Amino acid sequence: YRSMTEAIETWSYGIVAFLDILGFANFVAEDARSSKPVHLERLRSCLAEVQQAETGLTLLSFSDSIILTGSLSKDAFLNVVKTVAQLQRTFIKNRVLIRGGIALGKHFAETDIIYSEALVRAYLLERDHARFPRVLIDSDLLDWFINNDVASVEEKAVCSSQLLRDRDARVF
């Protein structure tokens, strides 16, 4: 294990997307009753398509959850938005819906542990507010990107073209 000092040094701000695969329990139940796991192969195929892209992000998948992480930077934010949109398209093509949240916060991760304010905030966005197959963006993260000088006008416009505001005023 790393020393406490080394762990504290990597406890810094990050961006986390938490995605929930809708209908996962039904997929597992159907595959458990068949001789060949059809849904497992579809899910693996969807994830493989995104994992092949050079995003600079970390992707972790377990059970019905997909977690994308990156440092708090303009490039990571743009990559998370782009990668989540790609995941949504890929899953929809394979008849699978996802919903989730993207947030910023303090974040620590190693191979076998994630300890993250950003993950908790993204999870709570998904659990409490997503309700539909959409991926919400935390207002603090959006404010950081739009009102900070980290991105050019063109980058902000590209990002804005990927985002929508729903009837409940949430950006997804």
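Calculation notes
- Residues numbered from 1 in each chain as written.
- Predicted model: local features only at pLDDT ≥ 70, side-chain atom pairs only at ≥ 80, totals over all residues.
- Heavy atoms only, no water.
- Helix = DSSP H or I, 4+ residues; strand = E, 2+ residues; numbered from the N terminus.
- Rg over C-alpha atoms; globule rule 2.2 N^0.38 Å.
- Buried < 20%, exposed > 50% of the residue type's maximum accessible area, 1.4 Å probe, protein only.
- Contact = heavy atoms within 4.5 Å.
- Areas by Shrake-Rupley, 256 points an atom, 1.4 Å probe, with all protein chains shown as cover.
- Lys, Arg positive; Asp, Glu negative; His and termini not counted.
- Charge placed at Lys NZ, Arg CZ, Asp CG, Glu CD.
- Polar contact = N/O pair within 3.5 Å; in protein donor to acceptor, adjacent residues only side chain to side chain.
- 1 Å grid on protein atoms, 1.4 Å probe; cavity = no way out; pocket = protein on both sides within 12 Å on 5 of 7 lines; lining within 4 Å.
- Points joined across faces, edges and corners; volume = space filled by probe spheres on them.
- Nonpolar A, V, L, I, M, F, W, Y, C, P; charged D, E, K, R; others polar.

**Considerations on the overall build of the protein chain**
- Across its full length, the protein chain carries seven helices and six strands.
- Helices and strands in the protein chain line up, N terminus first, as α-β-α-α-β-β-α-β-β-α-β-α-α.
- Taking 172 residues into account, the globule formula puts the C-alpha radius of gyration at 16 Å, and the protein chain, at 17 Å, falls close to it.
- With the C-alpha coordinates aligned to their principal axes, the bounding extent of the protein chain is approximately 55 × 45 × 30 Å.
- A burial count over the protein chain gives 39% of its 172 residues as buried.
- Put simply, of all contacts in the protein chain between residues at least 6 apart along the chain, 69% involve residues at least 24 apart.
- Working note: accessible area of the protein chain is about 10,000 Å², and carbon and sulfur atoms make up 53% of it.
- Where the 20 positive side-chain charges of the protein chain centre and where its 23 negative ones centre are 7 Å apart.

**Notes on the side chain of Arg134**
- If you trace the backbone, Arg134 turns up in the loop between helix H5 (117-130) and strand S6 (135-137).
- A polar atom in the side chain of Arg134 sits 2.9 Å from the backbone oxygen of Ala130.
- Separated by 2.7 Å, the side chains of Arg134 and Asp166 make a polar contact.
- Those residues in contact with Arg134 that sit more than four places away from it in its chain are Gln88, Ile98, Arg99, Gly100, His129, Asp166, Asp168, Arg170 and Phe172.

**Regarding the layout of surface pockets**
- Of the voids in this model, the largest pocket is the one considered here, and its volume is about 230 Å³.
- Around the largest pocket sit 13 residues that line it, and Ile137, Asp138, Ser139, Arg170 and Val171 are the ones nearest its centre.
- Mapped by element, the contributors of at least two residues to the lining of the largest pocket are H5, S6 and helix H6 (139-147).
- Classifying every residue of the lining of the largest pocket by side-chain character gives seven nonpolar, one polar and five charged.

**Digging into the environment of Arg131**
- Mapping Arg131 onto the fold places it in the loop between H5 and S6.
- C-alpha separation for the pair Arg131 and Glu30, spaced 101 residues apart in sequence, amounts to 24 Å.
- Ignoring anything within four residues of it in the chain, the contact list for Arg131 reads Arg99 and Glu126.
- A polar contact of 3.4 Å, which involves the side chain of Arg131, links it to the backbone oxygen of Asp128.

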